[in-house]
Amino acid sequence: MQTNQPNEKEQGLIQMMQRMLNLIIVLVISIVSLPLVIYNVDSIKGWFKADSTKVTTPAVSKSAKEEAKKMATVETYWQPVALDLVADAAEKELVYYGRDLIAHTAKYLGPNGSVIQISNGQNCQNCHLQAGTLAFGNNYGAVASTYPKFRVRSGTTENIYKRVNDCFERSLNGKALDTSSKEMQAIVAYINHIGSNVKKGEKAAGSGLKDLAFLDRAADPLKGKTVYETKCQSCHQANGEGVLNPDKVEFSFPPLWGKHSFNDGAGLYRIINFAKYVKYNMPLGVTHESPQLTDEEAWDVSAYVLSQSRPHIAVPKDWPDITKKPIDHPFGPYADAFSAKQHKYGPFKPILDQVKK
Ligand code: HEC
Ligand code: HEC
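Our subject in this report is the structure included herewith. Note that the structure is predicted; figures quoted are calculated from it, not measured. (Residues numbered from 1 in each chain as written. Chains lettered and ligands numbered in written order. Predicted model: local features only at pLDDT ≥ 70, side-chain atom pairs only at ≥ 80, totals over all residues.)

**Quick word on the overall build of the protein**
1) Next: A tally of regular secondary structure across the protein gives 16 helices and 4 strands.
2) Next: Counting only residues that meet the buried cut, the protein has 33% of its 357 residues in that class.
3) Next: Taking the contacts inside the protein whose residues are at least 6 apart along the sequence as the reference set, 64% of them involve residues at least 24 apart. (Helix = DSSP H or I, 4+ residues; strand = E, 2+ residues; numbered from the N terminus. Buried ≥ 20, exposed ≤ 12 C-beta atoms within 10 Å, placed from the backbone. Contact = placed C-beta atoms within 7 Å.)

Next comes the structure, spelled out in structure tokens:
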């Protein structure tokens, strides 16, 4: 039968020619692209890199990751032990009284206090927000777990009673509370109870104040005045003296300077503490996760407030070892040659560099 199909011999020839053609194509491509590959290894790597980043990190998954990270961190911050977990009725009453003394100190111990008049009218809570329980609100998360401890300010080992009285004498510009009084027992019972979930010797995450980066310049009281007028004055008043409640017992807005404010031996008189507190807690209502002031505003407004007049306390026994003085301690003598002014307002990096050496 006659067909148009090629015979077996012809088929074999065609197949062979096709194979050879394929081989030639592959060879030509290889020869042409070899130098390209050799000379462009880096850029080729680059393509792959660029590609893989594009694929694995679209904008959505990145922010989702950040969100997840944020949530994980929030969960790990210290939470106070609930007060109603105290089993013993008398102890429970004491702990609740302790909280009230922290939140409404002036009601009991201020100039018009009902128990004894030993302090300036401020409440502990003005500086230890939410009765000392707020993350980075100068809370008591590391007190029960770390006291008694050696403190360089006094050069001695201090128990909680001594530390509480430090704040009475300096932050509340008042007198020490008798250690055996019901009030002191209550304050300490409260602080110990809320911090009883922190392992001895450890500092809970979110305790105390949150770190703030130094500026490269000195903090500027003049720039700070403008910040104060626009962001603080409405509550703390132009004269810095705050606003008393109509009953004249407690402040609704505490004084920041003047005769009812903390004295110059207080922890808050050091600008690093003050700026950290303000950056992450003021104006009232901000949180450390959503601060409102820029770092510069926080430092400058702190310089402005701390350049105003306030009560003085003589503390000749502070810092027996001057080499251990904090870099922002505003009074000499110092172990270095930097001026008192630089120790008060910065810049702090040069001082820190020298301390490190
Ligand atoms: C004007 C602000 C202010 C007031 C008011 C104040 N404190 Fe303080 N307190 C501070 C600052 C700031 C520190 C941290 C000082 C430092 O680290 O140098 C502190 C530290 C403490 C500590 C130690 C915290 C730690 O982790 O080591 C205790 C305890 C304490 N205060 C208790 C009290 C009590 C109780 C009252 C009320 C009687 C009070 N404070 C009132 C500002 C204040
Ligand atoms: C909306 C009112 C309001 C504004 C605005 C405000 N504060 Fe306060 N501030 C308060 C209140 C109320 C407290 C006391 C918190 C408490 O007792 O719970 C306080 C406490 C403080 C304290 C610690 C207590 C003390 O007596 O020393 C400082 C420091 C402070 N504020 C600084 C500032 C600065 C600086 C600004 C401006 C950046 C500012 N505040 C803006 C209401 C305000």
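**Things to note about helix α11 (residues 221-231)**
1) Next: By the burial criterion, the buried members of α11 are G224, V227 and Y228. The buried side chains of α11 occupy one side of the element, clustering within an arc of 100 degrees when seen end-on. Turned more than 90 degrees from where α11 packs its buried face, L222 and T230 sit exposed.
2) Next: Residues of α11 that are buried make contact with α12 (233-236) and α14 (295-306). (Arc of directions from axis to C-beta.)

**Overview of the site of ligand 2**
1) Next: For ligand 2, the set of nearby residues contains 24 residues, the closest of which are C232, C235, P254, M282 and P283.
2) Next: Going through the elements one at a time, α6 (124-127), α12, α13 (271-281) and α14 are the ones with two or more residues in the shell around ligand 2.
3) Next: Broken down by class, the residue content of the shell around ligand 2 amounts to 17 nonpolar, 6 polar and 1 charged.
4) Next: Looking at the shell around ligand 2, you find at least three residues from each of domain 1 (83-194) and domain 2 (221-350). (Near = placed C-beta within 6 Å. Nonpolar A, V, L, I, M, F, W, Y, C, P; charged D, E, K, R; others polar. Domains from an automatic or database assignment.)

**Observations concerning the site of ligand 1**
1) Next: Neighbouring ligand 1 are 25 residues; C124, C127, C167, S171 and G267 lie closest to it.
2) Next: Taken together, the elements giving at least two residues each to the shell around ligand 1 come down to α6, α9 (160-169) and α10 (182-194).
3) Next: Among the elements that make up the shell around ligand 1, the one with the highest residue count is α9 (4 residues).
4) Next: Split into classes, the residues belonging to the shell around ligand 1 amount to 15 nonpolar, 9 polar and 1 charged.
5) Next: In this structure, the shell around ligand 1 is formed jointly by two domains, domain 1 (83-194) and domain 2 (221-350), each of which donates at least three residues.

**Remarks on the nonpolar core**
1) Next: Ranked by internal contacts, the top residues of the largest apolar core, which has 61 residues, are I187, Y190, I191, I271, F274, V301 and V305.
2) Next: Sort the elements by how many residues they give to this core and α10 lands first, with 8 residues.
3) Next: Residue contributions to this core reach at least three from each of two domains, namely domain 1 (83-194) and domain 2 (221-350).
4) Next: Not counting the four nearest positions on each side in its chain, V305 is found in contact with Y228, G240, L256, W257 and F274. (Core = buried A, V, L, I, M, F, W, Y, C linked by C-beta atoms within 7 Å.)

**A look at the packing of α11 against α14**
1) Next: Between α11 and α14, the shortest axis-to-axis distance is 7 Å and the interhelical angle comes to 100 degrees. By the angle between their directions, the pair α11 and α14 is classed as roughly perpendicular. Counted together, P221, K223, G224, K225, V227 and Y228 of α11 and E297, D300, V301, S302, A303, Y304 and V305 of α14 form the full contact between these two elements.
2) Next: Residues that form the contact of α11 with α14 fall into these classes: 7 nonpolar, 2 polar and 4 charged. (Axes fitted to C-alpha atoms, helices over the stretch in contact; angles between N-to-C directions. Parallel < 35°, antiparallel > 145°, perpendicular 65-115°, else oblique.)

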